[in-house]
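Observations on chain architecture
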Amino acid sequence: MTKAICLLVLTVFLAGCTTEPEPVKPSETTQPPATQATQPPTTEAPSEPSTEAAQTLSVVIHDAYLKLPQGFTAASATDEITIYEGPNAPKDASSIVVRKGPQEDVLSYTQQTLLERLAVAADQDSAQVDTMDIVTVDGLEALYAVYSMTVADVPFQCWSYLIPAGEVTYTFTFTDCTEDGIWAEPFAQSGKSIRLLRQGEYAPADYDGLERYDLGCGMELYAMPGMELQTMEGYDAALLGGKVVTLVFSEPKEKVGEGFSLEEYAKAVTDANGLEACTPDKYGNLATVFTQQDEQGQTYFYYLVVTQTEQAYWICQSACPEEDAAIYADEFSRWSTSLAEIG
């Protein structure tokens, strides 16, 4: 490469602040690198039966995916559990919970075993199992259970998939707290979409609920609705809205040099800026994350993706306050996947 790569890292000032954001550069290396129905829900498992024998052998899973019903978004997330809430929260407490836990022999569960597990969360003796079946989910045997519970005097209906996968057990629980069961069918459809991603497999990019933005630099990006395209020195495009900002930066390949792979370019970017190496994320993006503190002491979480077109390398980095990282990290990855040339 003929030029040292300098990543512009933004000290972010979000809505409500009076100070204008100013891009700043980290210290450069001394040696630049080479450059909804009223009837009771069905008791049949909504997953489609597999035409292949279900797997019970050890399988390496690196992530999980499902298509969320319209209006559901992440409310909180950790490495072990992600909670999605619906469009009418908190009035409607309906939710989807994806949990990654230790290996359990869930396929041998009896109704009593399941009830004992549920009793931890439910009011005493309120849980009632309607049906339990062994089904196939993405080629793996799983326990599918339909049950009702009462928590804090609120009755609700649940559909759970408990999927043993190697050394872990994934649990997908859909909880409908509405009186007329309006989420029964959307939850059934979401259940059919469950995928456990083996090594080398990635989640399909889904842009439902996102807005398309023409970035004005020959590129487009899908991101949350209501963001505003702004001009920011040092970047090809900047989208700001609510608590988040997405910044797009490019380098023409003719300036960088010939014969470099995207992986080599990504390594040059992270090496030059002292970041952890980019690795494939849930959607297959070459991505890395980092945090940075501004002059006021506020820490921001950054999600950085490196991609390319025929003529240029592109860096897409999205940021939010660190305390909101768990909520936005997956969204930032999904948005970055959509960065592409117009036409």
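Scoring rules and cut-offs
Residues numbered from 1 in each chain as written. Predicted model: local features only at pLDDT ≥ 70, side-chain atom pairs only at ≥ 80, totals over all residues. Heavy atoms only, no water. Helix = DSSP H or I, 4+ residues; strand = E, 2+ residues; numbered from the N terminus. Buried < 20%, exposed > 50% of the residue type's maximum accessible area, 1.4 Å probe, protein only. Pairing = 2+ DSSP bridges. Contact = heavy atoms within 4.5 Å. Axes fitted to C-alpha atoms, helices over the stretch in contact; angles between N-to-C directions. Expected span 1.5 Å × (residues − 1). Core = buried A, V, L, I, M, F, W, Y, C linked by side-chain atoms within 4.5 Å. pLDDT = per-residue confidence, 0-100. Lys, Arg positive; Asp, Glu negative; His and termini not counted. Salt bridge = Lys/Arg side-chain N within 4 Å of Asp/Glu carboxyl O. Polar contact = N/O pair within 3.5 Å; in protein donor to acceptor, adjacent residues only side chain to side chain.

Moving on to the overall build of the chain. Looking only at helices and strands, one finds five helices and 21 strands in the chain. Burial status across the chain gives 48% buried among its 343 residues.

Pairing within the open sheet is antiparallel, and its seven strands lie in the order β14-β15-β16-β20-β19-β18-β17. Since the sheet does not close on itself, it has two edges, and those belong to β14 (228–230) and β17 (279–280), each with one partner. For β14 and strand β15 (residues 237–241), the ladder comprises three bridges, and the chain directions are antiparallel. Within β15, the residue paired with Q230 across the bridge is A238. Sitting on the sheet, helix α5 (residues 325–337) is in contact with β16 (244–252), β19 (299–308) and β20 (312–321), with an inclination near 160° to β20.

If you trace the seven strands from one edge of the open sheet to the other, you get β4-β5-β6-β10-β9-β8-β7, paired in antiparallel fashion. A single partner strand is all that each edge strand has here, and the edge strands are β4 (73–77) and β7 (128–137). Taking each pair of neighbouring strands and ignoring which way they run, the sheet shows an average axis angle of 20°. Across five bridges, the pairing between strand β5 (residues 81–85) and strand β6 (residues 95–102) is antiparallel. Residue pairing in the sheet places Y84 in a bridge with I96 of β6. Strands β6, β9 (154–165) and β10 (168–176) of the sheet are contacted by helix α2 (residues 184–192), whose axis makes an angle of about 160° with β10.

Our focus in this paragraph is unusual backbone geometry. A cis geometry characterises the amide bond from A89 onward to P90, with omega recorded as 5°. For P90, the position within the fold is in the loop between β5 and β6.

Time to look at α5. Taking 1.5 Å per residue, 13 residues should reach 18 Å; α5 reaches 18 Å between its end C-alpha atoms and fits that length. All of the buried residues in α5 are A325, Y328, F332, S333, R334, W335 and S336. Buried residues along α5 sit against β13 (219–223), β16, β19 and β20.

Attention now moves to the nonpolar core. Residues Y161, I163, Y170, F172, F174, I194 and L196 are the most contacted members of the largest nonpolar core, which totals 27 residues. Elements with a minimum of two residues in this core: β3 (61–65), β6, β7, β8 (140–151), β9, β10 and α2. Sequence-distant contacts of I194, defined by excluding residues within four places in its chain, comprise Y65, L66, V137, D138, Y161, I163, F172 and F174. In terms of nonpolar packing, the next biggest core, distinct from the first, is built from 25 residues, A223, L239, W314 and A325 among them.

Predicted confidence across the chain gives a mean pLDDT of 81, with 80% of residues reaching 70 or more. Per-element mean pLDDT across the chain ranges from 32 in strand β2 (residues 22–24) up to 97 in β13. Predicted confidence for residues 1–6 stays below pLDDT 50, and this span has 25 contacts to residues more than four positions away or in other chains. Scored below 50 in pLDDT, residues 8–58 makes 111 contacts in the model with residues more than four places away or belonging to other chains.

Turning our eyes to something else, we now look at the pairing of β7. Relative to β8, β7 runs antiparallel, the two being bridged by nine bridges. Across the sheet, residue T131 finds its bridge partner in β8, namely V146. Turn length for the β7-β8 hairpin, with the two strands adjacent in sequence and antiparallel, is two residues, and the turn residue D138 shows positive phi of about 50°.

Below, the discussion takes up the side chain of D281. With respect to the secondary-structure elements, D281 resides in the loop between β17 and β18 (286–293). Of the side chains with opposite charge, K282 comes closest to the buried, unpaired D281, at an N-O distance of 9.5 Å. In terms of polar contacts, D281 uses its side chain to reach the backbone amide nitrogen of Y283, at 2.9 Å. Those residues in contact with D281 that lie beyond four places of it in its chain are Y202, A287, Y303 and S333.

Moving on, we get to the environment of E310. Here E310 lies in the loop between β19 and β20. The sequence separation of E310 and K253 amounts to 57 residues, and the corresponding C-alpha distance is 8.3 Å.

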